[in-house]
Amino acid sequence: MSEADFKLQADPQFRADVLAGLKGPRRAIPARWFYDERGSQLFDDITHLPEYYPTRTETDLLKDCRAEFAKHIPAGAAVVEFGAGSATKTPLLLEAIRPDIYIPVDISGDYLRMSAEVLAGQFPDLTIRPVEADFSQDMHLPTDKPSEARLGFFPGSTIGNFVPRSSVDLLRHMRGHLGQGAMLLIGFDRIKPVEILLPAYDDAAGVTAAFNLNLLVRINRELDGNIPVEAFSHQVQWNDREARIEMHLRCAWDVQFTVSGKEFQIQAGESIHTENSHKFDLRSLRILLRAGGWTPVAEYSDAQEWFTLVLAEA
Ligand code: AVJ
């Protein structure tokens with residue numbers, strides 16, 4: 001395959017989001033584009049960092065409360081996971097629920113197939129139906145048994161990547177897809193002191209910085225860009241008004257570059273906003289769920305109240 005053929009395969013939505021997002025004055029690119037192969041690897045590294053508490057905290061929580069929440073799930077329910085199955089969290093859930101069918105939905109097909117293969121080895125009786133789709137857009141979920149109840153699993157506080165208006169849309173969208181009698185197990189990262197929040201997104205080893213900067217590398221590779229990556233640096237801030245961590249790529253000097261044949265200029269001190277990670281208190285997460293068409297039935301938090309898993313019903 002020639003290089004030209006390869007570039008034709010660039011995701012048109014990626015191109016559209018990047019070209020729109022690089023236009024000033026407020027530049028922003030949706031966080032879902034972090035997850036190319038390298039980005040998914042770097043995210044996996046992040047989950048093992050000493051500063052990044054969410055994965056550890058949620059995994060321990062899942063271990064502690066799985067027997068409890070399993071009582072609320074009807075037998076034979078299918079599990080639909082939004083986002084690539086996490087190698088540690090998903091098996092914990094599957095062991096507790098023992099569903100016949102597991103439907104992981106993810107935008108990254110390679111990652112999806114890889115984790116599906118690993119799970120197939122661990123759960124030989126489980127029917128796995130991977131769906132390669134952006135779960136925030138329209139998608140089609142397979143129906144093996146039209147009557148089966150479904151449990152949605154949305155861990156990691158990925159909901160925090162969406163602004164409230166979009167998270168309400170997303171929750172309603174999930175409710176529509178999961179159908180009658182659906183339940184949802186969803187993770188929320190809690191508001192906590194900035195002394196803990198900031199290092200979680202700005203680790204000493206620089207893994208999160210590499211994760212953020214990899215977006216520019218991906219743009220250069222997949223969208224025929226020549227962004228001078230060395231002009232940008234990883235920046236993290238707590239936006240108290242919006243209750244969210246923000247990641248930016250801050251430009252150190254005036255730059256000019258092209259992406260997909262389009263010219264851009266960014267001045268020293270300007271930034272590209274690359275991610276929001278909203279944090280929640282109990283009241284705000286309950287209101288969000290209700291606005292999204294879900295009624296909380298059980299809440300599980302760790303002793304420090306750093307993370308909360310909620311089981312909700314449609
Ligand atoms: C998995 C999307 C929830 O916001 O904490 C981690 C992504 N970004 N470090 C998060 C992320 C930087 C993560 N989510």
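Residues numbered from 1 in each chain as written. Predicted model: local features only at pLDDT ≥ 70, side-chain atom pairs only at ≥ 80, totals over all residues. Heavy atoms only, no water.

Caption draft 1: A look at the overall build of the chain. Regarding its fold elements, the chain presents 10 helices and 14 strands. By the compact-globule yardstick of 20 Å for 314 residues, the chain fits well, its C-alpha radius of gyration being 20 Å. In terms of principal-axis extent, the alpha carbons of the chain reach across some 60 × 50 × 35 Å. Relative to its 314 residues, the chain shows a buried fraction of 53%. In the chain, 70% of the contacts between residues at least 6 apart in sequence involve partners at least 24 apart. With the model as given, the accessible surface of the chain reaches about 14700 Å², and the carbon-plus-sulfur share is 50%. (Helix = DSSP H or I, 4+ residues; strand = E, 2+ residues; numbered from the N terminus. Rg over C-alpha atoms; globule rule 2.2 N^0.38 Å. Buried < 20%, exposed > 50% of the residue type's maximum accessible area, 1.4 Å probe, protein only. Contact = heavy atoms within 4.5 Å. Areas by Shrake-Rupley, 256 points an atom, 1.4 Å probe, with all protein chains shown as cover.)

Caption draft 2: Main features of the packing of helix 3 (residues 37-46) against helix 9 (residues 207-222). Taken N-terminus to C-terminus, the directions of helix 3 and helix 9 make an angle of 160 degrees; their axes are 9 Å apart at the nearest point. It follows that helix 3 is roughly antiparallel to helix 9 by the angle criterion. Our pair here, helix 3 against helix 9, has a crossing hand that is left-handed. Taken together, the residues of helix 9 that come into contact with helix 3 (itself represented by R38, G39, L42, F43, D45 and I46) are V207, T208, A210, F211 and N214. (Axes fitted to C-alpha atoms, helices over the stretch in contact; angles between N-to-C directions. Parallel < 35°, antiparallel > 145°, perpendicular 65-115°, else oblique. Left-handed = near helix turned anticlockwise from the far one by under 90°.)

Caption draft 3: Quick look at the environment of A116. In this structure, A116 sits in helix 6 (residues 109-122). Along the backbone, A116 and L249 are 133 residues apart, and their C-alpha atoms lie at a distance of 33 Å. Contacts of A116, omitting those with residues within four sequence positions, involve I128 and P130.

Caption draft 4: Looking closely at unusual backbone geometry. Positive phi values are uncommon outside glycine, yet S157 reaches one of about 55 degrees. Structurally, the position occupied by S157 is in the loop between strand 6 (150-154) and helix 7 (164-178). Here A243, not a glycine, exhibits a phi torsion of approximately 50 degrees, which is positive. Tracing the backbone shows A243 in the loop between strand 8 (232-239) and strand 9 (244-251). For A243, a relative accessible area of 16% translates into the label buried.

Caption draft 5: The arrangement of the pairing of strand 9 in detail. Among the eight residues in strand 9, seven count as buried, and that is most of the element. As consecutive antiparallel partners, strand 8 and strand 9 are separated by four residues, and within that stretch A243 has a phi angle of approximately 50 degrees, a positive value. Sheet analysis places strand 9 next to strand 12 (residues 271-278), joined by seven bridges and oriented antiparallel. Within the sheet, the bridge partner assigned to E246 lies in strand 12 and is N276. (Pairing = 2+ DSSP bridges.)

Caption draft 6: Structural view of the packing of aromatic side chains. By the definition in use, this model includes 15 aromatic pairs. Residues F43 and Y52 carry aromatic rings whose centres are separated by 6.4 Å and whose planes lie at 85 degrees to one another, so their mutual orientation is edge-to-face. Aromatic rings pair up to connect F34, Y35, F43, Y52, Y201 and F211 into one cluster. A cation over a ring is seen here: R218 above F14, with NZ or CZ 4.6 Å from the ring centre. (Phe/Tyr/Trp six-rings, centres within 6.5 Å; stacked < 30°, edge-to-face > 60°. Lys NZ or Arg CZ within 6 Å of the ring centre and 35° of its normal.)

Caption draft 7: Structural detail: the side chain of H248. Mapped onto the secondary structure, H248 falls in strand 9. Residue class for H248 comes out buried when judged on its relative accessible area of 7%. Only 2.9 Å separates the side chain of H248 from the side chain of E246, close enough to count as a polar contact. Among residues more than four places away in sequence, those in contact with H248 are N212, S233, H234, Q235, Q237, S271, I272, H273 and T274. (Polar contact = N/O pair within 3.5 Å; in protein donor to acceptor, adjacent residues only side chain to side chain.)

Caption draft 8: Just helix 4 (residues 53-70), in detail. Between its first and last C-alpha, helix 4 extends 25 Å over 18 residues, near the 26 Å set by a 1.5 Å rise per residue. At D64, helix 4 shows its largest kink, close to 50 degrees. Looking at helix 4, one finds that the buried residues are Y53, P54, T55, T57, E58, T59, L61, L62, C65, F69 and A70. Turning to helix 4, the residues buried within the fold contact helix 5 (89-97), strand 6, strand 7 (183-189), helix 8 (194-200), strand 13 (295-301) and strand 14 (307-313). (Expected span 1.5 Å × (residues − 1). Bend = angle between axes of the 7 residues up to and from the residue.)

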